[in-house]
Amino acid sequence: MFDIGFWELLFVALIGLLVLGPERLPVALRGLQRGIQKVKTFGTSVQAELNHELRIKELHDHLKKAEQMDVEKLSPELQRSMAELREAAAGVQRPYAKKGPTGTDESEPPPTDDSKPSS
């Protein structure tokens, strides 16, 4: 990363010892070490978040492509996966639907009893 040789590093350490003194130099080095570690941790977390977002974008693009294709041409496994994804998306939206006075969703039709024969 840096092209610093042994003698340059020794010179910087000697200047640091003269400027800070033997009492404050170890504290300053620990503070520098903590700062570098925080920067590395932040960089790693940003990289992980970017990788996660790129993966989500890739999956979204694949889903769009699959939806544009004829659904009947997809394999049964992919059709089941798409159905599960749609159910999961609907399940996320259902808790926010307005509740009627009976405690059921107003967006859903009232349940009917299909077991009784009509007269």
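Look up: the structure comes first, before these words.
Residues numbered from 1 in each chain as written. Predicted model: local features only at pLDDT ≥ 70, side-chain atom pairs only at ≥ 80, totals over all residues. Heavy atoms only, no water.

A few points about the overall build of the protein chain
Stage number 1. Looking only at helices and strands, the protein chain features 2 helices and 0 strands.
Stage number 2. Within the protein chain, the fraction of its 119 residues that count as buried is 7%. (Helix = DSSP H or I, 4+ residues; strand = E, 2+ residues; numbered from the N terminus. Buried < 20%, exposed > 50% of the residue type's maximum accessible area, 1.4 Å probe, protein only.)

Here we look at the packing of aromatic side chains
Stage number 1. Under the counting rule described, the total for this entry stands at 1 aromatic pair.
Stage number 2. Ring geometry for Phe6 versus Trp7: centroids 5.2 Å apart, planes at 75°, classification edge-to-face.
Stage number 3. You can call Phe6 exposed: its relative accessible area is 58%.
Stage number 4. Judged by its relative accessible area of 64%, Trp7 is exposed. (Phe/Tyr/Trp six-rings, centres within 6.5 Å; stacked < 30°, edge-to-face > 60°.)

Quick word on a nonpolar patch on the surface
Stage number 1. A grouping of Phe11, Val12, Leu14, Ile15, Leu17, Leu18 and Val19 is seen on the molecular surface, where their side chains present a nonpolar patch of about 700 Å² in accessible area.
Stage number 2. Along the chain, Leu17 turns up in helix 1 (residues 6–68).
Stage number 3. Overall, the relative accessible area of 37% leaves Leu17 in the partly exposed class. (Patch = residues over 30% accessible without salt bridge, like charges linked within 9 Å, V, L, I, M, F, W, Y side chains within 5 Å. Areas by Shrake-Rupley, 256 points an atom, 1.4 Å probe, with all protein chains shown as cover. Salt bridge = Lys/Arg side-chain N within 4 Å of Asp/Glu carboxyl O.)

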